[in-house]
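# Per-entry structural report
One-letter residues, chain by chain:
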Amino acid sequence: MTTGSHGFLVFSGMVFLAICSAACVSTTFGDVAWSGNGLTLTVTHDGAPSEGYIQVTVYRISNNQQEETGAYYAPLNLKAGVNRVFIPAPLGPGQYKLYFYLIQDGERKAATIRDIVVT
């Protein structure tokens, strides 16, 4: 086996392990609901318990334009399965675009965008 072939096999093995380990833990965002004084977000996690926080950046949609109205945060203690997090966010009636981020160890681990209408 040549040195080049050996290097390629090592590199291929590292890529394979990285892909497999990336698929081992996933965190996904589900439904979001408005409750009058904040947002409730469903977060599904299939890994070990961990801590972090949810950030939501809120944009109000009006006249086909979006304007940032604020960013809100809530701590999150993830456990395996379905988790619910309440994020205090004072929203008035209107249409909104919500950008959710899961932050753990100073890094963004998951993100999603949701649209809601507050009446």
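Anything mentioned here points back to the structure above.
Please read all numbers here as calculations on a predicted model, not as lab measurements.

### Details of the overall build of the protein chain
When its secondary structure is counted, the protein chain shows one helix and seven strands. What you see in the protein chain, going N to C, is helices and strands ordered as α-β-β-β-β-β-β-β. Split into buried and exposed, the 119 residues of the protein chain put 34% on the buried side. Pairs at least 24 residues apart make up 55% of the contacts formed inside the protein chain by residues separated by at least 6 positions. Carbon and sulfur atoms make up 56% of the accessible area of the protein chain, which totals about 7,500 Å².

### Here we look at the sheet that holds strand 2 (residues 38-45)
One open sheet accounts for three strands, arranged 1-2-5; its pairing is antiparallel. Only two strands of the sheet have a single partner each, and these edge strands are strand 1 (27-34) and strand 5 (81-88). Strand-to-strand, the axes of this sheet are offset by a mean angle of 25°, without reference to chain direction. Relative to strand 2, strand 1 is paired through six bridges, and the arrangement is antiparallel. In the sheet register, Trp-34 faces strand 2, and the bridge partner there is Leu-39.

### Re unusual backbone geometry
Residues other than glycine seldom take positive phi values, yet Asn-63 does so here, at roughly 55°. In this fold, Asn-63 is placed in the loop between strand 3 (50-62) and strand 4 (65-78). Positive phi outside glycine occurs at Asn-64, with the angle close to 60°. Assignment of secondary structure puts Asn-64 in the loop between strand 3 and strand 4.

### Points about the nonpolar core
Counting 23 residues, the largest nonpolar core has Leu-39, Leu-41, Ile-54, Ile-87, Leu-98 and Phe-100 as its most contacted members. Non-local contacts of Phe-100, meaning those with residues more than four positions away in its chain, are made with Phe-29, Val-32, Leu-39, Leu-41, Ile-54, Gln-55, Val-56, Ile-87, Ala-110, Ala-111, Thr-112 and Arg-114.

Rules and cut-offs
- Residues numbered from 1 in each chain as written.
- Predicted model: local features only at pLDDT ≥ 70, side-chain atom pairs only at ≥ 80, totals over all residues.
- Heavy atoms only, no water.
- Helix = DSSP H or I, 4+ residues; strand = E, 2+ residues; numbered from the N terminus.
- Buried < 20%, exposed > 50% of the residue type's maximum accessible area, 1.4 Å probe, protein only.
- Contact = heavy atoms within 4.5 Å.
- Areas by Shrake-Rupley, 256 points an atom, 1.4 Å probe, with all protein chains shown as cover.
- Pairing = 2+ DSSP bridges.
- Axes fitted to C-alpha atoms, helices over the stretch in contact; angles between N-to-C directions.
- Core = buried A, V, L, I, M, F, W, Y, C linked by side-chain atoms within 4.5 Å.

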